[in-house]
Amino acid sequence: MAAYKMYIGGEWAGAETGFETLNPATEKPIAYFPSGDAGHVDMAVGAARDALPKWSRLPPPKRGIILQKAAEILKSEKERLGRLVSTEMGKVLPEALGDVQEAIDTFEYFAAEGRRLYGNTTTSELRDKFCMTIRRPVGVVGLITPWNFPTAIPAWKLAPALICGNTVVFKPSSDTPLCAYEILKVLIRAGVPPGVVNFVTGPASSVGEAIVKHPGIEGLSFTGSKATGEWITKNAGLKKVGLELGGKNPIIVMDDAKLDLAVEGILWGAFGTTGQRCTATSRVIAHRKIKQKLLSALVTKARMLRLGPGIEKTSDVGPLINKAAQEKVNKYVGIGIAEGAKLLCGGNKPAGKGFFFKPTIFDGVTPDMRIAREEIFGPVLSVLEFDRLDDAIDIANSVEYGLSSSIYTGDVNNAFKAIERIEAGITYVNSSTIGAEVHLPFGGVKGTGHTREAGILGLDEFSNTKTVYVDYSGKLQKAQIDSD
Ligand code: UN1
């Protein structure tokens, strides 16, 4: 099995101990990585700090050329990396290739921002005075990324961080360090100078904690669970913190919806990526009149989904990421049954190796049940019922999360009511809750956190706005006081 290293200040670095990353479909180890510690984080912060003046002064279009090169390298390696994503993370190959494509799109999008990075110009209330805003880098930023989009989410964070002129300490999830390492290698090949991106692998309890608390880090960006997000908020001091936390994303299906379309969207949202997206559809809120029809189509089709290693063409649904995830999903099935929900299909793992779990649908779910409120992060769908759109929206809003949401309806009035009133960062109309595009802002409200990544607003997480006043009157002018 190949052993890999960390990358600090342009040098490869090992550690005394290490860990293995597994193929979740076979449970076989695929790579060995060092378990870094607070000392490695400290070295990485030092290297990032040293590299900051030069990198932040490089003209942004020149930083953009490097990011564009990274996109080109990724394109030429898409097939190989897609297969790696599928092997290390488990998702089916078309989705794994989509993950890499999302990384490519992100590097391209932010590369081009090197020639924009717009601020605003505006008027002054005084004569002979010019007012504008510019973007400045945050400084050294810590990026802590999850395993579910093992190339796309690192790209979501690295690309805007770099184009804005920050230097980086990057800690990937210990479930998918090899995918992250490949992104690092692409950046090195593209010409990112030593010290600009530092790569530290190891446990959250040492590496993650050291990044969150390090006084030399000015900005943090984290995607993961709400509990960890809350811990970061309490421990990060006054750092600029970006958080993308969980979801309990609903699809509302009206009685005027195209049911076939809704069924496809629900299956894709609930069981795509084996339900392991923060945007996954985990609740269907169905109009009473069409619920039975919708459910019977859903259950028939969910039963037909073929479980198997993501890499195989015949697989529709890959494994969960690890044993703990499989146990968590199984625990929630037990909770759902104990709460009185009706299990319609799935509900257990198939025999054999791999962290698989059968696509699971619960009917008779009420808004107070834990399976209607808590993020399961697996292939478990809870179906609730309503009579009036107002009630559906109240149910949609009755959870602590607010990331993605959707409504299937043929009536434009219903669609706009949902767009206005669902408490979420994203609302889809006649489409599933997953599938965000990189040039639009992505993020949530409430317990999901309020950061926006991707799109033009993704720059805000990694830059500070500076306000600039240029007074060319040659005299002292006083805002709010001088009247002429
Ligand atoms: C996530 O699950 O953390 O919209 C991000 C989507 C993907 C991104 C999901 N493009 O589902």
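1. Some points on the overall build of the chain
Counting its regular elements, the chain contains 15 helices and 22 strands. A globule of 484 residues ought to have a C-alpha radius of gyration of about 23 Å, and the chain, at 24 Å, matches this closely. With the principal axes as the frame, the chain shows a C-alpha extent of 75 × 65 × 40 Å. Residues classed as buried in the chain amount to 56% of the 484 residues present.

2. Focus: unusual backbone geometry
Its identity is not glycine, yet Thr273 carries a phi of approximately 55°, on the positive side. Relative to the assigned elements, Thr273 resides in the loop between α9 (259–271) and β14 (281–287). Relative accessible area serves as the criterion here: at 3%, Thr273 is assigned to the buried category. Positive phi, close to 60°, is recorded for Ala454, a residue that is not glycine. Within the element layout of this structure, Ala454 appears in the loop between β21 (452–453) and α15 (458–461).

3. Focus: the domain arrangement of the chain
Domain annotation for the chain reports domain 1 (2–245 + 449–468) and domain 2 (249–429). Spacing between the C-alpha centres of domain 1 and domain 2 amounts to 31 Å. Opposite the 22 residues of domain 1 that make contact, domain 2 presents 25 residues. When the two sides are added together, the surface that domain 1 and domain 2 hide from each other amounts to roughly 2000 Å², 61% of it contributed by carbon and sulfur. Summed over the three residues of domain 1 that lose the most area to domain 2, namely Glu27, Glu95 and Trp147, the buried surface amounts to 24% of that side. Lys226 is the partner of Glu400 in a salt bridge, and the nearest nitrogen-oxygen pair spans 3.3 Å. In this assembly, domain 1 and domain 2 are joined by 8 residue pairs in polar contact (both at pLDDT 80 or more). Contributing elements (two or more residues each) for the side of domain 1 that touches domain 2: α3 (78–89) and α4 (93–113). When residues in the side of domain 1 that touches domain 2 are grouped by element, the largest group, 5 residues, is from α3. Partitioned by chemical class, the residues of the side of domain 1 that touches domain 2 number 9 nonpolar, 5 polar and 8 charged.

4. Structural notes on the sheet that holds strand β16 (residues 360–363)
Pairing in this open sheet of 7 strands is mixed, and the strands run β15-β16-β17-β14-β13-β18-β19 from one edge to the other. Looking at the sheet topology across the chains shown, the edges are occupied by β15 (342–345) and β19 (428–429). By the bridge criterion, 5 bridges tie β14 to strand β17 (residues 380–386) in an arrangement that is parallel. The residue of β17 that forms the bridge with His287 is Phe386. Where helix α10 (residues 288–304) meets the sheet, it contacts β13 (249–253), β14, β15, β16 and β17, and its direction lies at approximately 140° from that of β14.

5. Overview of the site of the ligand
Looking at the ligand, the residues that line it are Glu102, Asn148, Phe149, Ile153, Trp156, Arg277, Cys278, Thr279, Ile434, Gly435, Ala436 and Phe442. Thr279 has a polar side-chain atom sitting 2.7 Å from an oxygen atom of the ligand. Across the complex, the protein chains shield 99% of the 320 Å² of accessible surface that the ligand would expose by itself.

6. So, the nonpolar core
Formed by 95 residues in total, the largest nonpolar core has its most connected members in Leu74, Phe107, Leu162, Val168, Leu187, Val197 and Ile252. With 10 residues, the single largest contributor to this core is α4. Three or more residues apiece are contributed to this core by two domains, here domain 1 (2–245 + 449–468) and domain 2 (249–429). Setting aside chain neighbours within four positions, we find Val168 in contact with Ala48, Val141, Leu143, Leu158, Ala161, Leu162, Val196, Val197 and Asn198. Membership of the second largest hydrophobic core comes to 24 residues, among which are Leu295, Leu298, Cys345 and Val383.

7. Here's the deal with the environment of Met304
The topology assignment puts Met304 in helix α10. Given a relative accessible area of 56%, Met304 falls into the exposed group. It is 9.2 Å that separates the C-alpha atoms of Met304 and Asp316, two residues lying 12 residues apart in sequence.

Procedures and definitions
Residues numbered from 1 in each chain as written. Predicted model: local features only at pLDDT ≥ 70, side-chain atom pairs only at ≥ 80, totals over all residues. Heavy atoms only, no water. Helix = DSSP H or I, 4+ residues; strand = E, 2+ residues; numbered from the N terminus. Rg over C-alpha atoms; globule rule 2.2 N^0.38 Å. Buried < 20%, exposed > 50% of the residue type's maximum accessible area, 1.4 Å probe, protein only. Domains from an automatic or database assignment. Contact = heavy atoms within 4.5 Å. Buried area = accessible area lost by both parts, 1.4 Å probe. Salt bridge = Lys/Arg side-chain N within 4 Å of Asp/Glu carboxyl O. Polar contact = N/O pair within 3.5 Å; in protein donor to acceptor, adjacent residues only side chain to side chain. Nonpolar A, V, L, I, M, F, W, Y, C, P; charged D, E, K, R; others polar. Pairing = 2+ DSSP bridges. Axes fitted to C-alpha atoms, helices over the stretch in contact; angles between N-to-C directions. Near = heavy atom within 4 Å. Areas by Shrake-Rupley, 256 points an atom, 1.4 Å probe, with all protein chains shown as cover. Core = buried A, V, L, I, M, F, W, Y, C linked by side-chain atoms within 4.5 Å.

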